[in-house]
Amino acid sequence: MDVVLERLPGAVACVRIDRPEARNALSRAVRERLAEIFTDLAADDGVSCAVLTGTDKVFAAGADIKAMSNAQPVDMMLRAGERTWAPIKDFPKPLIAAVNGFALGGGCELAMHADIIIAGEGARFGQPEIKVGIIPGAGGTQRLVRAVGKFKAMKILLTGEPVMARDAEAMGLVSEVVPDAEVLERAIDLARQIAALPPLAARKIKELVLQGSDLPLESALVLERHAFQLMFGTADQKEGMAAFLEKRPPSFTGR
Ligand code: DAK
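Remember, predicted model here, so these are calculated numbers, not experimental data. (Residues numbered from 1 in each chain as written. Predicted model: local features only at pLDDT ≥ 70, side-chain atom pairs only at ≥ 80, totals over all residues. Heavy atoms only, no water.)

### Quick notes on the packing of helix H1 (residues 28-43) against helix H4 (residues 82-89)
Item 1. Direction vectors running N to C along H1 and H4 enclose 35°, while the axes themselves pass 8 Å from each other. Crossing of H1 over H4 shows left-handed handedness. Taking contact as the criterion, the partners of Arg28, Arg31, Glu32, Leu34, Ala35, Phe38 and Thr39 in H1 are, on H4, Arg83, Thr84, Trp85, Pro87 and Ile88.
Item 2. Residues that form the contact of H1 with H4 fall into these classes: 6 nonpolar, 2 polar and 4 charged. (Axes fitted to C-alpha atoms, helices over the stretch in contact; angles between N-to-C directions. Helix = DSSP H or I, 4+ residues; strand = E, 2+ residues; numbered from the N terminus. Left-handed = near helix turned anticlockwise from the far one by under 90°. Contact = heavy atoms within 4.5 Å. Nonpolar A, V, L, I, M, F, W, Y, C, P; charged D, E, K, R; others polar.)

Following this line, the structure appears as structure tokens:
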């Protein structure tokens with residue numbers, strides 16, 4: 001199995017890409033399995049937050065170059081790679097990427113599909129597509145510039161050179177850097193912390209941050225206002241506020 005799904009206590013799922021012999025290159029089989037898993041997790045009421053990780057040496061070295069090297073434009077159109085990325089792009093629950101080692105090309109783009117990125121000190125992020133004569137194909141030219149700004153993004157995209165975790169953190173591409181051996185544990189702890197909070201509020205926050213950042217501010221603020229009002233129809237809002245006022249821990253139900 002190139003992709004392993006583990007359901008963990010605390011409403012957390014851990015998805016691990018495990019194809020070390022090809023540095024976790026995102027073959028069609030890997031992408032189809034990821035798509036299947038994220039479609040299932042989206043519908044699974046027992047999962048409130050997911051962690052996506054690789055091996056201790058590599059998160060993912062990008063799309064499978066061997067499978068693309070002789071392709072023609074029509075082949076790429078017919079493969080419709082975007083189909084397999086869609087369930088990750090549209091995953092409605094918080095997603096944390098736990099990155100050790102290389103996150104290159106499609107691997108860096110995959111990490112950027114997450115909401116939070118925890119990286120090991122030895123992690124490296126890069127978009128080396130230009131070195132093999134192509135450009136990023138899963139949002140690299142768009143998500144990277146939104147994350148780090150034009151001048152950092154251009155340097156990474158135009159040189160193809162990777163950046164180390166600490167530099168990635170400084171430019172806003174990484175949420176937190178921890179020692180390599182602690183990456184997965186930290187990501188799972190964080191996932192449990194988030195999963196213990198009202199899941200409907202978490203989903204709305206994710207939806208608003210992602211949709212709102214591409215809208216004019218006034219339209220985004222209207223979306224936020226409506227979602228804020230909607231929260232008052234949830235049992236978790238009543239419970240959260242009652243628990244605060246009664247000075248007791250809340251017991252959220254996800255309703
Ligand atoms: N694809 C296929 N095989 C790969 C691979 C890759 N991306 N990366 C590594 N491998 C394979 C190597 O070919 C080698 O295979 P064998 O020779 O043993 O058969 C094996 O993994 C070990 O690789 P290395 O010997 O190179 O291992 P090292 O530890 O020395 O180096 C490395 C690790 C990750 C630094 C290095 O392997 C590397 O630079 N890999 C290539 C990184 C890269 O250029 N990535 C960008 C690929 S292009 C799309 C969406 C997205 C994309 C495309 C389309 N659509 C929605 C349509 C994305 C494109 C890309 O990502």
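### Comments concerning the side chain of Lys93
Item 1. Locating Lys93 in the fold gives a position in the loop between H4 and strand E5 (95-99).
Item 2. Although Lys93 is buried, it makes no salt bridge; Asp45 carries the closest opposite charge, 5.4 Å away.
Item 3. Polar contacts involving the side chain of Lys93 include one to the main-chain carbonyl oxygen of Val47, which spans 2.8 Å.
Item 4. Setting aside residues up to four positions removed in sequence, Lys93 forms contacts with Leu41, Ala42, Asp44, Val47, Ser48, Asp115, Arg203 and Lys206. (Buried < 20%, exposed > 50% of the residue type's maximum accessible area, 1.4 Å probe, protein only. Lys, Arg positive; Asp, Glu negative; His and termini not counted. Salt bridge = Lys/Arg side-chain N within 4 Å of Asp/Glu carboxyl O. Polar contact = N/O pair within 3.5 Å; in protein donor to acceptor, adjacent residues only side chain to side chain.)

### Considering the nonpolar core
Item 1. Counting 44 residues, the largest nonpolar core has Leu34, Phe38, Leu52, Phe59, Val99, Leu110 and Phe125 as its most contacted members.
Item 2. If one sorts the elements of this core by residue count, H1 sits on top with 5 residues.
Item 3. Not counting chain neighbours up to four residues away, the residues in contact with Leu110 comprise Ile17, Leu26, Leu34, Leu52, Phe59, Trp85 and Ile88.
Item 4. Counting residues in hydrophobic clusters, the runner-up holds 16 residues, among them Leu8, Val12, Val178 and Ala195. (Core = buried A, V, L, I, M, F, W, Y, C linked by side-chain atoms within 4.5 Å.)

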